[in-house]
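Summary of structural features
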Amino acid sequence: MRTPRLLVTAATALALTACSGGGSVDGTPGGSGVRDPYFPKAGNSGYDVGHYDLTLDYDPDTDADAGHLAGTAVITARATEDLSAFNLDLKGLDVEKVEVEGREARFHRAGQELTVRPADELHDGETFRVSVRYSGGPETITDPDDSEEGWLPTADGAVGLGEPTGSMAWFPGNHHPSDKATYDIRMTVPKGLGVVSNGELREERTRNGRTTFTWHTAEPMSSHVVTVAVGTWKTARSTTDDGLSVYTAVDPTQADASRKVLKRIPEIMEWGQENFGPYPFSSTGAIVDRDEDAGYALETQNRPYFPGAPDTVLLVHELTHQWYGNSVSPKTWRDMWLNEGFATYAEWLWEEDHGGDTAQESFDALYDGTYYDDAAANESVWAFPPADPPDAAHISESPVYQRGAMVLHKIRETVGDDAFWKLLRGWSAAHRHGNADTDDFTAYVEKSAPDEDFTEIWEDWLRGDGRPDSA
């Protein structure tokens, strides 16, 4: 999605003018943000990133709580307009040098914005490469809902978690889900520690007491599902019956508790492909850290991250996100229910297929207010429409998950099972490795079942306030 660029602030504009040394240019500065409804400063307009090449060196044993990170980010992008300057998102850390197309560039810092003025302006359609060298103690970011993301120190290292904007704490980039890219990540750590990231491990090499791990992700990835997890790991490699690579990394303290559930990954992947269509990535797996290392699980691409051994249903939820959330990603953070509603409904489907409650029983319990033991939790399902959270602090609240799943169940009731399974697989195929919003989804459903009337579902269940009068 492309939105009109924002005007740079007067202070930034003055700084850029001072850096330019005079002269006239035809291009204009790219925008510092893509006007996301909940995170307006996230992302940047004026260019599309194609690839990130990150070279990182991390030492957790320093005086700083977060350790010390030194990095060089080489970003390959394409200008989508004539640019005299452009922005990257980077929170904290010290920028030491910036180059564009091999020539040193002027830069300016303001909050999370790193504004770069290249020596020569960039033309619409031009592919360019920017290199940023930086270092410092990476930050832990507190979200509007008080959860923590960014760079999280752990008992034996650290983990980078990015949803929704935390990746800007450890590398500069265009940090909005609407701009996907491929990645190469090389990270060097003290010998004895391991680094787990997305995609495939290409190389592990030790020199002079430090080990470098090289990971490659060939499929497009939004920055909020990029991770590097540094620690002591017990790793295992295997393949599914159809040849899909499975890579798991488990903190040794969690090995016994995780063993049984992680063995079910091939089974879950087979089940997922039957229901959701071909798996969109080249590998799968999981990262299991200690219980206290983070406050939540996250659908990091290829291998989800878990603080402590997950149960089977949670593993199903996060692996389902590989189809819905990672391959089909939201255009804006308002569209979170397209991630969480689908993954929550997958939990219901798994239970239905494995001797638990049917999806209808889960739906009925939520509607009747008996799903949770706590009355307030049952009431919270109806706090706001899943397609319209009131603000950034609510994009991960119960209506997005549970009521989002209820919307899908109402669609299933309307079209019937055969058409519904076809719809699930078709939706993941139609936007594979792309982005979609709520309007895209409702249009897709209506096109898939042109003889059905979805007005009540959209008005009462998806966008309506409060509990609908009837189920």
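One can find the structure itself at the top, above this paragraph.
Given the structure is predicted, the values throughout are model-derived calculations rather than measurements.

A separate point is the nonpolar core. If you look at the biggest cluster of nonpolar residues, it comprises 67 residues, and the most contacted ones within it are Trp337, Met406, Ile411 and Phe441. Ile411 has contacts with Phe420, Leu423, Phe441, Val445, Phe454, Ile457 and Trp458, leaving out every residue within four places of it along the chain. In this structure, Val100, Val130, Ile185 and Met221 belong to the second largest nonpolar core, which totals 60 residues.

Within the structure shown, the criterion is met by 15 salt bridges. The salt bridge involving Arg334 is made with Asp388; its shortest N-O contact spans 3.7 Å. With Arg334 in the loop between β22 (328-330) and α5 (337-353) and Asp388 in the loop between α7 (375-380) and α8 (398-415), this residue pair connects regions lying 54 residues apart in the sequence. Take Arg334: its relative accessible area is 35%, and that puts it in the partly exposed class.

Let us now look at the pairing of strand β9 (residues 127-136). Direction of pairing for strand β3 (residues 68-79) relative to β9: antiparallel, over a ladder of 10 bridges. Pairing of Leu69 across the sheet is with Gly136, part of β9. Pairing geometry for strand β5 (residues 94-100) and β9, over six bridges, is antiparallel. Opposite Lys97, over in β9, you have Arg133 as the bridge partner.

On to the sheet that holds strand β18 (residues 234-239), then. Strand order in the open sheet made by the four strands is β18-β19-β20-β21, with mixed pairing throughout. The open sheet terminates on both sides in strands that have one partner only, identified here as β18 and β21 (305-307). Neighbour-to-neighbour, the strand axes of the sheet open up by a mean angle of 15 degrees, direction not taken into account. Sheet analysis places strand β19 (residues 245-250) next to strand β20 (residues 283-289), joined by six bridges and oriented parallel. Residue pairing for β20: Ala249 is matched across the bridge by Ile287. In this fold helix α2 (residues 255-262) packs onto β18, β19 and β20, with an angle of close to 160 degrees to the strand it touches most, β19.

It is worth spelling out the environment of Gly30 at this point. Note on placement: Gly30 falls in the loop between β1 (28-29) and β2 (47-59). Residues Gly30 and Glu203, spaced 173 residues apart in sequence, show a C-alpha to C-alpha distance of 37 Å.

Moving on, we come to the sheet that holds strand β11 (residues 148-154). If you trace the five strands from one edge of the open sheet to the other, you get β10-β11-β12-β17-β14, paired in antiparallel fashion. Only two strands of the sheet have a single neighbouring strand rather than two, namely β10 (140-142) and β14 (194-197). Neighbouring strand axes in the sheet, compared pairwise and without regard to direction, differ in orientation by 20 degrees on average. Here three bridges tie β10 to β11, and the two strands are oriented antiparallel to one another. In the strand pairing of β11, Ile141 is matched with Glu149.

What counts as what
- Residues numbered from 1 in each chain as written.
- Predicted model: local features only at pLDDT ≥ 70, side-chain atom pairs only at ≥ 80, totals over all residues.
- Heavy atoms only, no water.
- Core = buried A, V, L, I, M, F, W, Y, C linked by side-chain atoms within 4.5 Å.
- Buried < 20%, exposed > 50% of the residue type's maximum accessible area, 1.4 Å probe, protein only.
- Contact = heavy atoms within 4.5 Å.
- Salt bridge = Lys/Arg side-chain N within 4 Å of Asp/Glu carboxyl O.
- Helix = DSSP H or I, 4+ residues; strand = E, 2+ residues; numbered from the N terminus.
- Pairing = 2+ DSSP bridges.
- Axes fitted to C-alpha atoms, helices over the stretch in contact; angles between N-to-C directions.

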